[in-house]
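# Observations on the three-dimensional arrangement
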Amino acid sequence: MINRRTVLTAGAMMTAGLLLAGLPRLAAAQQTDPAAAFIDDMAKRAIGILQAGGAGTAQGQAEFTRILNQGFDLPTIGRFVLGRYWNSATPQQQQDYMQLFERMIIETYSRRFQNYQGETLVVKGTRPVGSSGDTLVGTEIRQKDGPPIQVDWRVRQAGGSYKVVDVIVARVSMSVTQRDEFASVIAQNGGSIDGLLQAMRQRAGG
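These lines cover the structure that appears in this document, whether it is placed above or below. All residue numbers refer to positions counted from 1 along the written sequence of the respective chain. Residues qualify for local features only when their pLDDT is at least 70, as the model is predicted, and side-chain atom pairs are given and counted only at 80 or more; totals for whole chains, interfaces and linings, by contrast, use all residues. With hydrogens and water set aside, each side-chain value is computed from the structure's full complement of heavy atoms.

Bringing the overall build of the protein chain into the picture now. Going along the chain from the N terminus, every DSSP run of H or I of four or more residues is numbered as a helix, and every run of E of two or more is numbered as a strand. Per the secondary structure count, the protein chain includes nine helices and five strands. In the protein chain, the succession of α and β elements from N to C terminus is α-α-α-α-α-α-α-β-β-β-β-β-α-α. Think of it in three bands: with a 1.4 Å probe and only protein chains considered, a residue is buried below 20% of the maximum accessible area for its type, exposed above 50%, and partly exposed in between. Among the 206 residues that make up the protein chain, the fraction classed as buried is 46%. Long-range contacts, defined here as pairs at least 24 residues apart, represent 57% of the contacts in the protein chain between residues at least 6 apart. To measure how exposed things are, a 1.4 Å probe is used in the Shrake-Rupley method; for residues, cover is taken only from the protein chains shown. Accessible surface for the protein chain amounts to roughly 9900 Å². Of this, 49% is attributable to carbon and sulfur atoms. Contacts are assigned to residue pairs that have any heavy atoms within 4.5 Å of one another.

Once that is clear, we can look at helix 9 (residues 193-203). The complete set of buried residues in helix 9 reads Ile 193, Gly 195, Leu 196, Leu 197, Ala 199, Met 200 and Arg 203. Whenever a nitrogen or oxygen atom comes within 3.5 Å of another N or O atom, the pair is scored as a polar contact, on the condition that within protein one atom can donate a hydrogen and the other can accept it, and that pairs from neighbouring residues in sequence are kept only if both atoms are in side chains. Between the side-chain oxygen at the start of helix 9 and the backbone nitrogen of Asp 194 there is a gap of 3.2 Å, and the oxygen is on Ser 192.

Approximately 200 Å³ is the volume attributed to the largest pocket. A cavity here means a set of points on a 1 Å grid, drawn over the protein atoms and nothing else, where a 1.4 Å probe fits but cannot get out; a pocket is an open set with protein on both sides within 12 Å along at least five of seven lines, and a residue lines either one if it has an atom within 4 Å of a point. Lining the largest pocket are 13 residues, with Phe 80, Arg 154, Arg 156, Val 165 and Asp 166 positioned closest to its centre. Put simply, the parts of the chain that give the lining of the largest pocket at least two residues each are helix 5 (74-82), strand 1 (120-129), strand 3 (149-158), strand 4 (161-169) and helix 8 (174-188). Counting residues per element, the lining of the largest pocket draws most heavily on strand 4, at three residues. In this classification, Asp, Glu, Lys and Arg are treated as charged, Ala, Val, Leu, Ile, Met, Phe, Trp, Tyr, Cys and Pro as nonpolar, and every other residue, Gly included, as polar. Counted by class, the lining of the largest pocket contains six nonpolar, three polar and four charged residues. Grid points are joined across faces, edges and corners, and a volume is the space filled by probe spheres set on the points.

Quick look at the environment of Thr 126 now. Mapped onto the secondary structure, Thr 126 falls in strand 1. For the pair Thr 126 and Arg 154, spaced 28 residues apart in the sequence, the C-alpha separation amounts to 9.7 Å. Excluding its chain neighbours within four sequence positions, the residues that come into contact with Thr 126 are Asp 33, Ala 36, Thr 135, Leu 136 and Val 137. There is a polar contact of 2.6 Å between the side chain of Thr 126 and the side chain of Asp 33.

This part is about the sheet that holds strand 2 (residues 134-142). Two strands are counted as paired when DSSP detects at least two bridges linking them. If you trace the five strands from one edge of the open sheet to the other, you get 1-2-3-4-5, paired in antiparallel fashion. The open sheet has two free edges, formed respectively by strand 1 and strand 5 (172-173), since each of these has just one partner strand. Where strand 4 meets strand 5, two bridges bridge the pair, whose relative direction is antiparallel. Bridge pairing links Val 169 to Val 172 in strand 5.

Below, the discussion takes up the nonpolar core. Side-chain atoms within 4.5 Å are what join buried Ala, Val, Leu, Ile, Met, Phe, Trp, Tyr and Cys residues into a set we call a nonpolar core. Phe 72, Tyr 97, Phe 101, Trp 153, Val 155 and Val 164 are the most contacted members of the largest nonpolar core, which has 44 residues in total. Among the elements that line this core, the one with the most residues is helix 7 (residues 91-113), at seven residues.

Attention now goes to the pattern of salt bridges. Definition used for salt bridges: Asp or Glu carboxyl oxygen within 4 Å of a side-chain nitrogen of Lys or Arg. Under the definition given, this model contains five salt bridges. Residues Asp 96 and Arg 201 are paired through a salt bridge, measuring 3.8 Å at the closest nitrogen-oxygen approach. Of this pair, Asp 96 sits in helix 7 while Arg 201 sits in helix 9, and the two are 105 residues apart along the sequence. Here Arg 156 makes a salt bridge to Asp 134, at a shortest N to O gap of 2.8 Å. Here the residue Arg 156 occupies a position in strand 3, and Asp 134 occupies one in strand 2, the gap between them amounting to 22 residues. According to the relative accessible area criterion, Asp 134 is buried, its value standing at 1%. Via salt bridges that share partners, Asp 134, Arg 154 and Arg 156 belong to a single interconnected network.

Sheet topology note: the strand 2/strand 3 ladder contains seven bridges and is antiparallel. The partner of Val 137 across the bridge, within strand 3, is Trp 153. Hairpin geometry of strand 2 and strand 3 is characterised by an intervening segment of six residues between the two adjacent antiparallel strands and by a positive phi of about 105° at Gly 146. Hairpin connection of strand 3 to strand 4: two residues between the antiparallel strands, including Gly 159 at a positive phi of 65°.

Between helix 5 and helix 8, whose axes approach to 7 Å, the crossing angle comes to 50°. Classified by the angle between their axes, helix 5 and helix 8 sit oblique to one another. Across the interface between the two elements, Ile 77, Phe 80, Val 81 and Leu 82 from helix 5 touch Ser 175, Val 176, Gln 178, Arg 179, Phe 182 and Ile 186 from helix 8. Residue composition of the contact of helix 5 with helix 8, by class: seven nonpolar, two polar and one charged. Fitted lines through C-alpha atoms give the axes, limited to the stretch in contact for helices. The angle between two N-to-C directions lies from 0 to 180 degrees. Reported orientations rely on four angle classes, namely roughly parallel under 35 degrees, roughly antiparallel over 145, roughly perpendicular from 65 to 115, and oblique for the rest.

Fair warning: the whole summary comes from geometry, so function is off the table for now.
Encoded structure:
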């Protein structure tokens, strides 16, 4: 079974997504940047769910799932997280893994959405990163109690729209951390990808 640290890592990956739920609209200057505007649009959609009181409803969770699937490149994230094991997996294992990965992330995201406590976000700026043309949207999460949290969103443009491909919380990549955790689970199961799939099924409740 995936250990507690692994579960928390999956949750941490989407913590920043949860925090979008209470974000005010960005300043006009920030909205001129398409990557920043993309993050702002997700924020406004999530705010609408909260304002409608739909956080704990099936309809609200379904809308949340749409926001996640539209805003996050889950196939890219999932393949990266599985790392070198993706190429050694059979087509059926790849299919099962992606279904379980998306299910785990959506379930974690929806649960954490319901724990929203009025956090706000301030965009600090954007900059190009890597050789793939990605953009890093630097933000700061401001809590009611406690110090602010630095959250950077790595977004990638494809097909005329942006997608989140990684979330870096306090300078720690959630995708890299999750990849290390999954690799550890596979190693504990003698290098068997089926061992990881079984652990993910248990985490997802079946």
